[in-house]
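So the chains spell out like this:
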Amino acid sequence: MLLRCMECGREYPANEVRNRCDCGGLLDIDLGITSPLATDLFDQRLGGRGRLDQSGVWRFRELLPTIPGDAIVTKPEGNTNLYDVESLARWAGVERLVLKHEGENPTGSFKDRGMTVAASHAKWTGARIVACASTGNTSASVASYAALAGVPSIVFVPEGKISAAKLGQTIAYGATIVQIRGDFDAAMKLVEQASDAYGIYLLNSINPFRMEGQKTILFDLLQQLEWALPDWVVLPGGNLGNSSALGRALIDLQAAGILAEPPRVAVIQAAGASPFYEAFRSGFRSFEPMEAETVASAIRIGNPVSYARARRTIEITNGAVEIVSDTELLDAKAMIDRAGIGCEPASATTLAGLRKLVQAGTIAPNAFVAGILTGNLMKDTEAVIDYHLGAGSDERPLANKPVLIDPTLDALEGVLAGALQR
Ligand code: F0G
């Protein structure tokens, strides 16, 4: 196991704590997988009572960095539900759609998978303090895992730009919270500088150990599909950690002989926060950071740190990148919510983007698609209220306005008639 620079190829020992190569390039972990692994090993652990076997991350430990068991901080995470919803497949225009709900992780987002690995690495390497910049989900996950690890945490968030639920969670778990006068990209730059200046252990997805844990979304998903492969995996893209991890997961699964042909990967961005989409459209010849604006606050990111790794994912899978407007992603969210599943706005880019890619002919109508939902509905109830009760809600067919009545059966009767027609 070693760290390798994605730009210049320089190698470092895997126990060295560093955010980037000396040349500034991103680091990747090469686990050195050379012999085939049998999926039976992972299947036998399902339902097991062992602490690590119960985690939907550590169950796949042969495909993860080695960390001593007593340093491992696990809640446990992963093992999220996979929803096979015909109505949403129909709405998107594909034959079969399964949605992997990563918002069902312990702190309500997919971040917990990467966090269990990186926080454990931080504990193992004796970190004094851990830090991250965040649009809210990473900060909640960092604060929780740091508390469990017994390590102090400090998080940098754009002031006024993260949802109340995410801020509340992070406050509750006891992190020191630094609100930045600026956006996520400014917070990200500052935390990286602070990490270098003060030797703070950085828990953003620039940290290759975060990416390692994040890979297990795919392992968990394939295991639920009894190791059958979807044609496409579709997911949101913000800072591009998750998209990067998918590519790394596919490389490792191929090295372990578990996967012959990778599924194709589609990354969906909000139209107002779409530097990766623009780079994709240029054939990855240019990459221009932008000032980001979208209702999906989790992915309001204009200068994603993991660009180079995510580019690899698209290239090795012959993938695609798409954008969706705020209206498109909010309508898709209303569909997912109404189906009884629910997710936060950023997650709904998955369904909205899938629908567009089918309409554009990129994804065939007979495709089997796995979509990733990254965050829980409860993470952003402001967005729910705005959509259903706020400006323009009268024109939205899916708007669901509560009604106010006197406590009488007469008053209730009118409401009941409408309710029965839903
Ligand atoms: N969906 C949700 C719910 C997120 O919170 C994020 C990122 C993404 C999608 C995008 O994932 O960054 O790996 O491309 N949230 C980060 C945070 C930036 O700070 O919580 P990505």
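The structure we're discussing is the one just above.
Calculation criteria
- Residues numbered from 1 in each chain as written.
- Predicted model: local features only at pLDDT ≥ 70, side-chain atom pairs only at ≥ 80, totals over all residues.
- Heavy atoms only, no water.
- Pairing = 2+ DSSP bridges.
- Helix = DSSP H or I, 4+ residues; strand = E, 2+ residues; numbered from the N terminus.
- Axes fitted to C-alpha atoms, helices over the stretch in contact; angles between N-to-C directions.
- Contact = heavy atoms within 4.5 Å.
- Core = buried A, V, L, I, M, F, W, Y, C linked by side-chain atoms within 4.5 Å.
- Buried < 20%, exposed > 50% of the residue type's maximum accessible area, 1.4 Å probe, protein only.
- Domains from an automatic or database assignment.

A. Spatial organisation of the sheet that holds strand 12 (residues 320-324). The strand order 4-5-13-10-11-12 describes an open sheet built from 6 strands, whose pairing is mixed. Two strands close off the open sheet at either side, each with one partner strand: strand 4 (82-84) and strand 12. Each neighbouring strand pair of the sheet contributes to a mean axis angle of 25°, computed without reference to strand direction. Taken together, the 3 bridges between strand 10 (residues 232-236) and strand 13 (residues 368-373) define a ladder with parallel strand orientation. Residue pairing in the sheet places Val233 in a bridge with Ala370 of strand 13. Relative to strand 5 (residues 96-101), helix 8 (residues 216-224) is tilted by about 130°, and along the sheet it contacts strand 4, strand 5, strand 10 and strand 13.

B. Looking closely at the nonpolar core. Among the nonpolar cores identified, the biggest contains 73 residues, and Trp58, Leu63, Val130, Leu218, Leu253 and Phe276 are the most heavily contacted of them. A domain-level breakdown of this core finds at least three residues from each of domain 1 (1-30) and domain 2 (38-109 + 207-422). Excluding residues that lie within four positions of it along the chain, Phe276 makes contacts with Leu240, Val267, Gln269, Phe284, Tyr307, Ala310, Arg311, Ile314 and Val321. Counting 38 residues, the second-largest nonpolar core is a separate cluster that includes Leu97, Ile268, Leu329 and Tyr387.

C. Representation of the pairing of strand 12 in the model. Burial of strand 12 is extensive: 5 of the 5 residues sit out of reach of the surface. The two faces of strand 12 match: Ala320, Glu322 and Val324 on one face and Val321 and Ile323 on the other face are all buried. Here 5 bridges tie strand 11 (residues 264-270) to strand 12, and the two strands are oriented parallel to one another. Bridge pairing in strand 12 places Gln269 opposite Ile323.

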